[in-house]
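Results of the structural survey
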Amino acid sequence: MSKLEKQFFEIPTLELAETLLGKIFVRILPGNIQLKGRIVETEAYLGEDDEACHAWRGKTKRNQIMYHAPGTLYVYFTYGNHYMLNIVSEPENRAGAVLIRAMEPVEGIRFMEEQRDTRILANLMSGPGKLAKALAIDGKSNGKNIFGEEFFVEDAPAMPESMVGTSVRAGISRSRELPWRKFILDNPYLSKVRLPE
DNA sequence: AGCGTGATCTTT
DNA sequence: AAGATCACGCTG
């Protein structure tokens, strides 16, 4: 399958969140360790009207990468433990990103099991913190792009509309009503969603 | 259902 | 300088 080029990411954030479903996220580590996961759950975060978006009060040191070109990785640290992996969207100087919330492990599973200290496949990448850890992603990946040697996405057939689910986003307290979570219906590798109250 | 854990941002 | 918040995950 072919590598997705930069134009693939130059679409509105919500569309990108949906069209990324089913695609294969790839990381190549030194020693030719290939890690691959199929994206099964995403969320859109968009601009200054979305109060759950880090950029809703404007540019800061932490969120500045969100204003970069589409296809830049935005990785940040939270809850004293976890890194979150996002793919930047929207034209340069406007803030938007797609949070990758869950993947189905595809390749490099032994490596991921070691990173995560579990052998339960459905638990390896079923959450944003978990998948970053499985892929050994941390703050050093912040700002890299997704068309390179280290990180890229492989194409896969588009998801039929009938297989795509939509809901509100997980784990947020503001802008809770926006239905900006996208996922593959009935997929076994989805996150355990903590629905906002 | 409760809590660890630490960076970031807001408020004083 | 202090306090609140947090796009979570694990235990129990």
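Everything numeric here is computed off the predicted structure, so don't read it as measured data.

On the surface, E48, D49, E51 and E177 cluster together to form a negatively charged patch. Considering the arrangement of structural elements, one finds E51 in the loop between β2 (33–46) and β3 (73–78). According to the relative accessible area criterion, E51 is partly exposed, its value standing at 34%.

Time to look at the protein's contact with DNA strand B. Around DNA strand B, the surrounding shell consists of R57, T60, R62, F77, T78, Y79, G80 and N81. For DNA strand B, the backbone makes up 55% of the atoms found within 4 Å of the protein, where backbone means sugar plus phosphate. For DNA strand B, a base nitrogen lies 3.2 Å from a polar atom in the side chain of N81. The class makeup of the residues in the surface near DNA strand B is 2 nonpolar, 4 polar and 2 charged.

A few words on unusual backbone geometry. Residues other than glycine seldom take positive phi values, yet E90 does so here, at roughly 70 degrees. Within the fold, E90 resides in the loop between β4 (82–88) and β5 (96–107). If you check the backbone angles, A136 has positive phi at about 55 degrees while not being a glycine. As for its placement among the helices and strands, A136 is situated in the loop between α4 (128–134) and β6 (151–154). On the basis of relative accessibility, which here comes to 27%, the residue A136 falls in the partly exposed class.

This part covers the nonpolar core. In terms of nonpolar packing, the biggest core is built from 30 residues, with F9, L20, F25, L85, I100, M103 and L135 touching the most fellow members. If you list the elements that add at least two residues to this core, you get α1 (13–19), β1 (24–29), β2, β3, β4, β5, α4 and β6. Leave out the neighbours within four places in its chain, and L135 touches F25, R27, L35, M103, M112 and M125. Of all hydrophobic cores here, the second largest spans 15 residues; its members include Y45, Y76, M84 and V88.

The subject of this paragraph is the environment of E51. For the pair formed by E51 and S173, sequence separation is 122 residues and the distance between their alpha carbons is 9.0 Å. With residues up to four places along the chain from it excluded, the contact list for E51 reads W56, R174 and S175.

Here the focus is helix α2 (residues 109–116). Every α-helix carries 3.6 residues per turn, so stepping three or four residues along brings you back to the same face. Three or more residues of α2 are buried, namely M112, E113 and R116. The buried residues of α2 occupy one face: seen down the axis, they fall within an arc of 100 degrees. Away from the buried face of α2 by more than 90 degrees, exposed residues R110 and E114 are located. Of the surrounding secondary structure, the elements contacted by the buried residues of α2 are β2, β5, α3 (121–124) and α4. Following α2 by one or two positions, D117 has its phi on the positive side, about 60 degrees.

Once that is clear, we can look at the pairing of β2. Burial within β2 is extensive, with 10 of its 14 residues counted as buried. Where β1 meets β2, 6 bridges bridge the pair, whose relative direction is antiparallel. Residue pairing in the sheet places F25 in a bridge with G37 of β2. Connecting β1 to the antiparallel partner β2 that follows it, the hairpin turn spans 3 residues, and G31 within it adopts a positive phi of roughly 90 degrees.

Glancing now at the pairing of β1. Summarising burial for β1: 6 of the 6 residues are buried, a large majority. The alternating pattern of β1 places I24, V26 and I28 and F25, R27 and L29 on opposite faces, both of which are buried.

Along the chain, the position of E43 falls in strand β2. For E43, the side chain forms a polar contact with the main-chain nitrogen of A170, separated by 2.8 Å. Discounting residues that sit within four places of it in the chain, E43 has contacts with A97, V98, L99, R101, R169, A170, W180 and R181.

What follows concerns the pattern of salt bridges. Scanning the entire structure with this criterion turns up 14 salt bridges. With a closest N to O distance of 2.9 Å, R169 and D50 form a salt bridge. Of this pair, R169 sits in the loop between β7 (164–167) and β8 (181–184) while D50 sits in the loop between β2 and β3; the two residues are 119 residues apart in sequence, bridging distant segments of the chain. Note on D50: relative accessible area 1%, which makes it buried.

So, how was this worked out
Residues numbered from 1 in each chain as written. Chains lettered and ligands numbered in written order. Predicted model: local features only at pLDDT ≥ 70, side-chain atom pairs only at ≥ 80, totals over all residues. Heavy atoms only, no water. Patch = residues over 30% accessible without salt bridge, like charges linked within 9 Å, V, L, I, M, F, W, Y side chains within 5 Å. Areas by Shrake-Rupley, 256 points an atom, 1.4 Å probe, with all protein chains shown as cover. Salt bridge = Lys/Arg side-chain N within 4 Å of Asp/Glu carboxyl O. Lys, Arg positive; Asp, Glu negative; His and termini not counted. Charge placed at Lys NZ, Arg CZ, Asp CG, Glu CD. Helix = DSSP H or I, 4+ residues; strand = E, 2+ residues; numbered from the N terminus. Buried < 20%, exposed > 50% of the residue type's maximum accessible area, 1.4 Å probe, protein only. Near = heavy atom within 4 Å. Polar contact = N/O pair within 3.5 Å; in protein donor to acceptor, adjacent residues only side chain to side chain. Nonpolar A, V, L, I, M, F, W, Y, C, P; charged D, E, K, R; others polar. Core = buried A, V, L, I, M, F, W, Y, C linked by side-chain atoms within 4.5 Å. Contact = heavy atoms within 4.5 Å. Arc of directions from axis to C-beta. Pairing = 2+ DSSP bridges.

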